[in-house]
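Per-entry structural report
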Amino acid sequence: MNFGRLAIGLACLSSLAAAQNADDAVMYAAPFQALNPAITGDVSGEASFREVNGKLLASIQVSGVAPDTMHLQHLHGSRDFMESRCPPAAADTNDDGLIDLAESRAYSGITLIPLHDDPVSLQIKTHTYPTANQQGSYEYQHSIDLSKLQTAVKEKYGMDELNPGRMVVYVHSVTDKAKLPDSVRSLPDVPAKVTLPIACAELNVQGPTKTR
Ligand SMILES: [Cu+2]
């Protein structure tokens, strides 16, 4: 028996195992594209979500948003797992020059998962979304328990599966001083300034992917 060869074989096996562990980290990411730049200016940044050890690690970084303002941010998507898209200019069906929340639905689906201090709650109306600094930028990072999130999403939306790769990330909210036409639609009891979309990112699987 050739022990030298066996040792090399074992070394190869263990490095293969390490590579497979690394592959278990699935990452979804995309740059933000500005929406409604006539009102909001040039919003930029990046969204990423990593699935690691039963957690979904959310990371959002944006700049060029309304300073000293809380910004709603969510994963939007379709309950029937259609691939969501960010809305094109043609989404402005009422021709008021702005793409509002209602007009985004045909492309992006509905508001699914809020990105604030407790995403698993699926509570959309809260005051715990991130607030931009004086320079108009912010960073948000949160570790979300994947199985709790899946249970919550199944309960609230009837979705059996959670696939961030088919979802988009929205950042909302303009400054209090913004003047919006009355035609801009919002959620019941929430001012349109709070829900107006200002950036969108179409998530895609990045890098090494898990073999399922
Ligand atoms: Cu949203």
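As the structure is a prediction and not an experimental result, all values here were calculated from the model.

Re the overall build of the protein chain
In terms of regular secondary structure, the protein chain is built from five helices and 10 strands. Considering the protein chain as a whole, with its 212 residues, one finds that 33% of them fall into the buried category. By sequence separation, contacts in the protein chain at least 24 residues apart represent 71% of the contacts at least 6 residues apart.

Some thoughts on the sheet that holds strand β3 (residues 44-52)
Strand order in the open sheet formed by five strands is β7-β4-β3-β1-β10, and the pairing between neighbours is antiparallel. Edge positions in the sheet fall to β7 (137-145) and β10 (204-206), since each of these pairs with one other strand and no more. Taken pair by pair, the neighbouring strands of this sheet meet at an average axis angle of 20 degrees, ignoring direction. The sheet contact formed by strand β1 (residues 26-31) and β3 spans six bridges and is antiparallel. Counted as the bridge partner of P31 is E46 from β3.

A few points about the sheet that holds strand β9 (residues 197-202)
Taken in spatial order, the five strands line up as β2-β9-β8-β5-β6 in an open sheet, and their pairing is antiparallel. Every interior strand has two partners, whereas the edge strands, β2 (33-34) and β6 (110-114), have only one. One ladder, built from two bridges, connects β2 with β9; its direction is antiparallel. The residue bridging A34 from the neighbouring strand is A199, located in β9.

Quick word on the confidence of the model for the protein chain
Per-residue confidence for the protein chain averages 88 on the pLDDT scale, and 86% of its residues sit at or above 70. Below a pLDDT of 50 lies the segment residues 1-21, which in the model reaches zero contacts outside its immediate sequence neighbourhood of four places, other chains included.

Some points on the nonpolar core
Membership of the largest hydrophobic core comes to 40 residues, with the highest contact counts inside it found for V169 and C200. The contacts of C200, once residues within four sequence positions are left out, are F32, Q33, L35, C86, V168, V169 and Y170.

Details of helix α4 (residues 146-157)
Here α4 spans 16 Å end to end across 12 residues, near enough to the 16 Å set by a 1.5 Å rise per residue. Two residues or fewer past α4, G158 is found with a positive phi of approximately 70 degrees.

As for unusual backbone geometry
Phi is positive for N36, close to 55 degrees, though the residue is something other than glycine. As for its placement among the helices and strands, N36 is situated in the loop between β2 and α2 (37-40). Despite not being glycine, L122 shows a phi value in the positive range, around 55 degrees. Its place among the elements puts L122 in the loop between β6 and β7. A tally of 17 C-beta atoms within 10 Å means that L122 is categorised as partly exposed.

With respect to the pairing of strand β4 (residues 55-63)
Only one face of β4 is buried, namely the one carrying L56, A58, I60 and V62, since none of K55, L57, S59, Q61 and S63 on the opposite face is buried. Bridge analysis of β3 against β4 gives nine bridges, and the strand direction is antiparallel. Its bridge partner lying in β4, E51 is registered against L56. What sits between the antiparallel neighbours β3 and β4 is a turn of two residues, in which N53 has the positive phi angle 45 degrees. As judged from the nine bridges shared by β4 and β7, these two strands associate in the antiparallel manner. Of the residues in β7, the one forming a bridge with S63 is S137.

A short note on helix α3 (residues 101-108)
Residues of α3 that are buried: L101, E103, S104, Y107 and S108. Here the buried residues of α3 occupy an arc of 150 degrees about the axis, which is enough to place them on one side. Buried positions along α3 lie against β5 (73-77), β8 (168-172), α5 (192-195) and β9. Immediately downstream of α3, the backbone of G109 shows phi near 80 degrees, a positive value.

Parameters and conventions
- Residues numbered from 1 in each chain as written.
- Predicted model: local features only at pLDDT ≥ 70, side-chain atom pairs only at ≥ 80, totals over all residues.
- Helix = DSSP H or I, 4+ residues; strand = E, 2+ residues; numbered from the N terminus.
- Buried ≥ 20, exposed ≤ 12 C-beta atoms within 10 Å, placed from the backbone.
- Contact = placed C-beta atoms within 7 Å.
- Pairing = 2+ DSSP bridges.
- Axes fitted to C-alpha atoms, helices over the stretch in contact; angles between N-to-C directions.
- pLDDT = per-residue confidence, 0-100.
- Core = buried A, V, L, I, M, F, W, Y, C linked by C-beta atoms within 7 Å.
- Expected span 1.5 Å × (residues − 1).
- Arc of directions from axis to C-beta.

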